[in-house]
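Take a look at the letters that make up each chain.
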Amino acid sequence: MTEIAKTAPAARGLLPLPLAAARALILTGGIATAASAFLAWTWTSEFPGNLTINGYPGGLQWLTFTAGVLTALFALAAYGIKGLGWLLPAKNNAPLFLSALAGFAVTWYAVIAISVELGGLVNLEPGGYIAALASLLPVLGALSLPEQLGDDTKENLKAYITKAEKIPAPQPLAPWAERLVITVVTALGLGVFTYGIDTEYGELFIGYLLVVAFSMWALHTAGLLDRLSRLTAHHRGFTLLMGFLAAIAFPFTQTNDHYTNIGVNILIFATVALGLNIVVGLAGLLDLGYVAFLGVGAYTAALVSGSEFSRFSGVQFPFWASALTGAAASLVFGVLIGAPTLRLRGDYLAIVTLGFGEIFRIAVNNMDGDSGPDITNGPNGIPSIPDINLFGLNLGEANDIGGITLGRFANYYLLMVVIMAIIVLVYTRAADSRIGRSWIAIREDETAATAMGINGFRVKLIAFALGATLAGLAGTVFAHVTYSVVPNPYQFAGAAPPNSAFLLAAVVLGGMGTVAGPLLGAALLYLLPEKLVFLQEKSLLAFGIALILLMRFRPEGVIANRRRQLEFHETGQTDVPDTTTLTDEPAVTTKAGA
Amino acid sequence: MTTPVLEARDVTMRFGGLTAVRSVDFTVNEGEIVGLIGPNGAGKTTFFNCLTGLYVPTEGTVSYKGTVLPPKPHLVTKAGIARTFQNIRLFANMTVLENVLVGRHTRTKEGLWSALLRGPGFKKAEKASEERAMELLEFIGLAGKRDHLARNLPYGEQRKLEIARALASEPGLLLLDEPTAGMNPQETRATEELVFAIRDKGIAVLLIEHDMRFVFNLSDRVSVLVQGEKLVEGTPEVVQADERVIAAYLGEPFEGDPGEAEAAEVEAAEAAADATSTTSTKGDAQ
Ligand SMILES: Nc1ncnc2c1ncn2[C@@H]1O[C@H](COP(=O)(O)OP(=O)(O)O)[C@@H](O)[C@H]1O
Ligand SMILES: [Mg+2]
C-alpha cells in the first residue's frame, strides 16, 4: 500500500511547499506556538485568566502551550526521531494537521475573544499577534505535506483529517508494560477530566473543548486510540480497576466543594444514562420518558427519608432500605409502563413513553391535596431531605482522610462511584450473556429474533425494567444530594440536565451500546450548560446544532461500539463488494420474511 | 404409521381481499426433503410465515409431530421448527459466532440473574453453548470467521450462516426459503451437499427454490403452489412431467388480459386441487 503511495506521481501537498520545508515549518511552528504562550497577549487582566504576564502562561495560554507541544512531538515523530515512532505508527499526515489545528483553534479563539470582549484589536499586545501567527505556521506546513490528491478540494481536505487505512500492528509489549501504559493513560485521563471540570470560566472551557477535541481526533487518526482500545480489551479487569481508582481519586484533587458537586451530578447523570443505554443501546427501544424513573426513585427516597415535609414524615428508612425501595418502586413503574407499551414497535413506543414521562411529572405536580391525593406536595416538592447516614457515617459532614478534607459532596461522590461501579458491572455482565445477545438481536432485527425463538416481549420488558431499576437507584441518591425533590427536572426537554432529551443525547452522542460512551456523553452534556452560562436559553439551540453536526459526521457517536470497530480491524476484509453486504434496512416488500 | 413431522391442515391466509394461501394441506415426514416451488407471488413465503407463526393463518392449523402449534414464532422455534429467510435476515452487527449463539436461545435458559451473578452454572452453560455453536460453524465451514461481523461476510456465506443459526436451535424440521438465491453454480452445489448432510443428521427439510435442477435433484417430493393453491404434488419425475406445472411456469396468465387469465388460472388450480387429492401423498414419498 505505502509503496504505491510513494511511487504514484500525484502525491503532492495542498500548498506548494517542498517536503523538507513543510516539515520544518510544522516543527518550528509547533515550538513557536508553545513558546508564544509565555508572552503577554493582552495588557489588562480584565480578560479572565490573566494573560498579561511575560514569562508565565495563564488560562488559555496553557492550552495553546499544550497543543504546541503536541504538534512539535508529532513533527519530531514524523522526522523519525528515535523513541517517538510510536506516536505515528502509520506515518500519516492527519495527526500533524489536526494537532496543528488544535493549537490554531485555541489560539485564535483566545485572540478573537480578547478583541471582542475588550472591544477591539487594540487590546492585543504584540504577544497576541505573535501567538496567532505562530499557531498558523504548522497548519500551513501540514497542508503542504504530500498526499494523493485529486481535483476536488473537499476530497483533498478530507485526506488530511482521516485515519490511516492500515495501521501496522504494534510491537508486542510485556504484560506489565501494557498495564503501565493503561495506568499512565488513566492518570492522564483523570488529569484532563479534572481540568475540564475545574475550568473557572466559559472561555477556558471552550478552549479546553477545542484542544481536547482536536487532540483526540489527532490521536485517533494516528491509530493510537485503536491501539489503546486493543490494550484495554486485553486487560479488561485491570482497565476497569484503574478507571474505578481514577474515579475515586477525583475528590482528593479538589479543594473546592463546588466542583465536587459537579462531579456528583455528572456521576448521577451518567449512571442514569448508562441505565438508558441498556434500553436504547442494547435493546433498541427508544424511550423518551426515561427520566421519570429517576423521578420515581427520587420521590420514593424523599418520602421515606424522614423529611418533615414528607407525607410519611415519621418514616425514616436507613439508606440501604430506601435505595432498595426506590429501585423497587421504579421497577414496578417500569413493568407497569412497559407491559402495555412494549407490544408497540419503533415510533409508537417512542410516542407512548414520551406521554408516560409527561404523565409522571404532571401527576406529581398535582398530587398536592388540592387537585389530587396529598402525596408529593405538588410544585413545592419535598424539601429538607436529611443527609444519608451510612453505617453511622453522616454523609453531610466533612471528614479528614490523610490530611485532605472531604466535604459533603465528596462523600456523596464516593457513594455514587460505588453505585456507578455496580451499574457498570450490571451493564457489562448483562450485555455479555444470553439475555444481552437477545437484546441486541431484537435491536438488529426483531422478526428474525423472534423466529430464532426469542420471546420479544419478554426480553424487552426485562430490558425496560432493568433500565428503570437502575435509574430509580440513582434517583434515591439524587434526592439526598439536592436536599429536595421537585417535579420540574423530570421533563422531556429542558435547558439543563437531567431530562429525557439530554439523557438520550448523552447515550447517542457518546456512543450507543458502549460503557464509556454514555459516561463521556453525560459528562459533556452536564458540563456544557454548567460552564457556558452565557448561553442560557440558547443552550438548547446550541445543543441541537451540535447534535446535528455530530450525527452528520460521526453517526456512531464519539466512542464507537466494538462491533463497529470490528468492521475496520479484525476482519481486514476490504474485498467484500458493497452489494453483497447486508444493509441495515433489508429490502423487504412484505412485512415479515417476504 | 408414524406421525409426520409437519402437518398443515387447510391453511388459508388472506390479506384483505387477497387470498395469498388457499386451503393448503401439507405434510413433511421424518427424514424427508420436500421442495416447494411455484411462480413468484404464488404464496410460498406466506405459507412459510404461516407455518412459523410470523403470520396467524386466517384458517387452518399447523402441527409439529402431532401437537398443534400456537401461532407464535418463538414457540414454534422452541417446538422444533427453524427457518431461514428469502432475503437474508442475519443480525448484521453481531459476529458470526454471536449469530449462532442467538440461535441457541431456546435450548439454553440462563436468565438475567444468572448473567449478573455469574455462578459456575452460567459459565458452564455459556461454554457449552459456544462449543455447540463452534461445531455448527465447522459443519458449514465458517469456523475461521467466528469473529467477523455478519454484515462483512460475502453473500454465499451469509446464506450459510443463516442455516447454521437455524440449526443451532436443534430443530426437527428446517425450512429454507430460497437458499441458493443469488449463488453461483459452485455455491449452489455446495448447498446441495449441505442440505443432504442436514438430512443425514435426522432433520427433515422443507425448501422453497427457484433453481429447478437443484430442487429436483434434492427433493424426495415436490409440491407446486400456484396462486396460493397446491397444484400438483409428487415425485420430481411426476411433477416435472405435469403439463399444468409447465403452463403455470410459462406464466401466460399474467400477460394479455389479466381478468380472464386469472379466472382461467383459478379454474385450472381448482381442477388441480381435485387432481392432487387423488394422487396420494403417501405413495409418492419413496
Ligand atoms: N403482509 C402482507 N400483506 C399483504 N399482502 C401480502 C403480504 N405478504 C404477502 N403478500 C402477498 O401475498 C402474495 C404471495 O407472496 P409471497 O408469499 O411472498 O410469494 P412467493 O414467496 O411465492 O414469491 C403476494 O401477492 C404478496 O403481495
Ligand atoms: Mg418468496
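Residues numbered from 1 in each chain as written. Chains lettered and ligands numbered in written order. Predicted model: local features only at pLDDT ≥ 70, side-chain atom pairs only at ≥ 80, totals over all residues. Heavy atoms only, no water.

## Thoughts on the overall build of chain B
Okay, step 1: Counting its regular elements, chain B contains 12 helices and 10 strands.
Okay, step 2: Taking all 286 residues of chain B together, 57% fall into the buried category.
Okay, step 3: For chain B, the proportion of contacts with a sequence separation of at least 24, taken over those separated by at least 6, is 69%. (Helix = DSSP H or I, 4+ residues; strand = E, 2+ residues; numbered from the N terminus. Buried < 20%, exposed > 50% of the residue type's maximum accessible area, 1.4 Å probe, protein only. Contact = heavy atoms within 4.5 Å.)

## Looking at the sheet that holds strand S9 (residues 221–226) of chain B
Residue and element names in this part refer to chain B.
Okay, step 1: Here six strands make up an open sheet; going across it, the order is S6-S7-S8-S3-S9-S10 and the pairing mixed. Sheet topology places strand S6 (81–83) and strand S10 (229–234) at the edges, where each strand pairs with a single neighbour. Strand-to-strand, the axes of this sheet are offset by a mean angle of 20°, without reference to chain direction.
Okay, step 2: Of the strand pairs in this sheet, S6 and strand S7 (residues 173–177) are connected by three bridges, and their pairing is parallel. Looking at S7, one finds that Ile81 is bridged to Leu173.
Okay, step 3: Strands in contact with helix H1 (residues 44–51) are strand S3 (33–37), S6, S7, strand S8 (204–208) and S9; relative to S8, the strand with the most contacts, it is inclined by about 145°. (Pairing = 2+ DSSP bridges. Axes fitted to C-alpha atoms, helices over the stretch in contact; angles between N-to-C directions.)

## Looking at the side chain of Arg83 of chain B
Residues and elements named next belong to chain B.
Okay, step 1: Tracing the backbone through its elements, the reader meets Arg83 in strand S6.
Okay, step 2: No salt bridge forms around the buried Arg83; measuring N to O, its nearest opposite-charge neighbour Asp177 is 4.1 Å away.
Okay, step 3: A polar contact of 2.6 Å, which involves the side chain of Arg83, links it to the side chain of Asn49. (Lys, Arg positive; Asp, Glu negative; His and termini not counted. Salt bridge = Lys/Arg side-chain N within 4 Å of Asp/Glu carboxyl O. Polar contact = N/O pair within 3.5 Å; in protein donor to acceptor, adjacent residues only side chain to side chain.)

## Re the coordination of the magnesium ion (ligand 2)
All names here are of chain B.
Okay, step 1: Every protein donor of the magnesium ion (ligand 2) is listed here as Thr45 (OG1) and Gln86 (OE1), and their distances to the metal cover 2.0 to 2.1 Å. Taken together, the residues span a long stretch of sequence, with Thr45 in helix H1 and Gln86 in the loop between S6 and helix H3 (96–103) at a distance of 41 residues.
Okay, step 2: Accessibility expressed as a relative area gives 11% for Thr45, which makes it buried. (Donors = N, O, S within 2.8 Å, 3.2 Å for Na, K, Ca; no water.)

## Some details on the site of ligand 1
Okay, step 1: Gly41, Gly43, Lys44, Thr45 and Thr46 of chain B are the nearest of the 13 residues found near ligand 1.
Okay, step 2: The residues that come close to ligand 1 belong to more than one chain, namely chains A and B.
Okay, step 3: A distance of 2.8 Å separates an oxygen atom of ligand 1 from a polar backbone atom of Lys44 of chain B.
Okay, step 4: Computed on the free molecule, ligand 1 has an accessible area of 560 Å², of which 72% lies beneath the protein chains in the complex.
Okay, step 5: Those elements that place two or more of their residues in the shell around ligand 1 are strand S2 (18–28) and H1 of chain B.
Okay, step 6: Per element, the largest residue contribution to the shell around ligand 1 is three residues, and it comes from H1 of chain B.
Okay, step 7: Broken down by class, the residue content of the shell around ligand 1 amounts to six nonpolar, six polar and one charged. (Near = heavy atom within 4 Å. Areas by Shrake-Rupley, 256 points an atom, 1.4 Å probe, with all protein chains shown as cover. Nonpolar A, V, L, I, M, F, W, Y, C, P; charged D, E, K, R; others polar.)

## Describing unusual backbone geometry
Residues and elements named next belong to chain A.
Okay, step 1: The phi angle at Ser384 is positive, at roughly 50°, despite the residue not being glycine.
Okay, step 2: Take Ser384: it is sitting in the loop between helix H14 (346–366) and strand S3 (389–390).
Okay, step 3: Classification of Ser384 as partly exposed rests on a relative accessible area of 40%.

## Some words on the domain arrangement of chain A
All names here are of chain A.
Okay, step 1: When its domains are assigned, chain A resolves into domain 1 (2–237) and domain 2 (254–568).
Okay, step 2: Relative placement of domain 1 and domain 2: their C-alpha centres are 36 Å apart.
Okay, step 3: At the interface, 15 residues of domain 1 touch 15 residues of domain 2.
Okay, step 4: Across the domain 1/domain 2 interface, buried area totals approximately 1,100 Å², and carbon plus sulfur atoms make up 68% of it. (Domains from an automatic or database assignment. Buried area = accessible area lost by both parts, 1.4 Å probe.)

## Quick notes on empty space enclosed by the protein
Okay, step 1: In the structure shown here, the tally under the stated rule is two cavities of 30 Å³ or more.
Okay, step 2: Volume-wise, the largest cavity comes out at about 70 Å³.
Okay, step 3: Around the largest cavity, the lining comprises 13 residues; the ones closest to its centre are Arg434 and Arg437 of chain A together with Leu101, Thr108 and Ser129 of chain B.
Okay, step 4: For the lining of the largest cavity, the per-class residue count stands at four nonpolar, four polar and five charged.
Okay, step 5: Roughly 40 Å³ of volume is contained in the second largest cavity.
Okay, step 6: Looking at the second largest cavity, the residues that line it are Asp287, Gly289, Ala292, Phe293, Ile337, Thr353, Phe356, Gly357 and Phe464 of chain A.
Okay, step 7: For the lining of the second largest cavity, the secondary structure elements donating two or more residues are helix H12 (291–303) and H14 of chain A.
Okay, step 8: No other element matches the three residues that H14 of chain A contributes to the lining of the second largest cavity. (1 Å grid on protein atoms, 1.4 Å probe; cavity = no way out; pocket = protein on both sides within 12 Å on 5 of 7 lines; lining within 4 Å. Points joined across faces, edges and corners; volume = space filled by probe spheres on them.)

## Quick look at the environment of Ile53 of chain A
Residue and element names in this part refer to chain A.
Okay, step 1: Secondary-structure assignment places Ile53 in the loop between helix H2 (19–36) and helix H3 (60–79).
Okay, step 2: Spatially, the C-alpha atom of Ile53 lies 56 Å from that of Gln316, the residues being 263 residues apart in sequence.
Okay, step 3: Excluding residues within four positions of it along the chain, Ile53 makes contact with Phe38, Leu39 and Ala40.

## A short note on the interface of chain A and chain B
Okay, step 1: In this assembly, 44 residues from chain A lie in contact with 47 residues from chain B.
Okay, step 2: When chain A packs against chain B, close to 4,300 Å² is buried across both sides, 57% of that on carbon and sulfur atoms.
Okay, step 3: Counting across the interface, chain A meets chain B through two salt bridges.
Okay, step 4: Its salt-bridge partner being Glu126 of chain B, residue Arg437 of chain A comes within 3.1 Å of it at the nearest N-O pair.
Okay, step 5: Applying the counting criterion to the chain A and chain B interface returns 12 residue pairs in polar contact (both at pLDDT 80 or more).

## Points about the nonpolar core
Okay, step 1: The biggest cluster of nonpolar side chains holds 129 residues, and the ones touching the most others in it are Trp439, Val485 and Tyr490 of chain A.
Okay, step 2: Of all the elements, helix H11 (residues 257–282) of chain A adds the most residues to this core, at 16 residues.
Okay, step 3: Each of domain 1 (2–237) and domain 2 (254–568) of chain A gives at least three residues to this core.
Okay, step 4: Ranked by size, the runner-up nonpolar core spans 44 residues in total, among them Val100, Ile163, Ala164 and Val224 of chain B. (Core = buried A, V, L, I, M, F, W, Y, C linked by side-chain atoms within 4.5 Å.)

## Some words on the sheet that holds strand S1 (residues 6–15) of chain B
All names here are of chain B.
Okay, step 1: Spatially, the four strands line up as an open sheet ordered S2-S1-S4-S5, and their pairing is antiparallel. Looking along the sheet, the strands with just one partner apiece sit at the ends: S2 and strand S5 (67–68).
Okay, step 2: For S1 and strand S4 (residues 59–64), the ladder comprises five bridges, and the chain directions are antiparallel. Its bridge partner being in S4, Glu7 is matched across the sheet by Ser63.
Okay, step 3: Of the strands in this sheet, S1, S2 and S4 touch H1, which is tilted by about 115° from S1.

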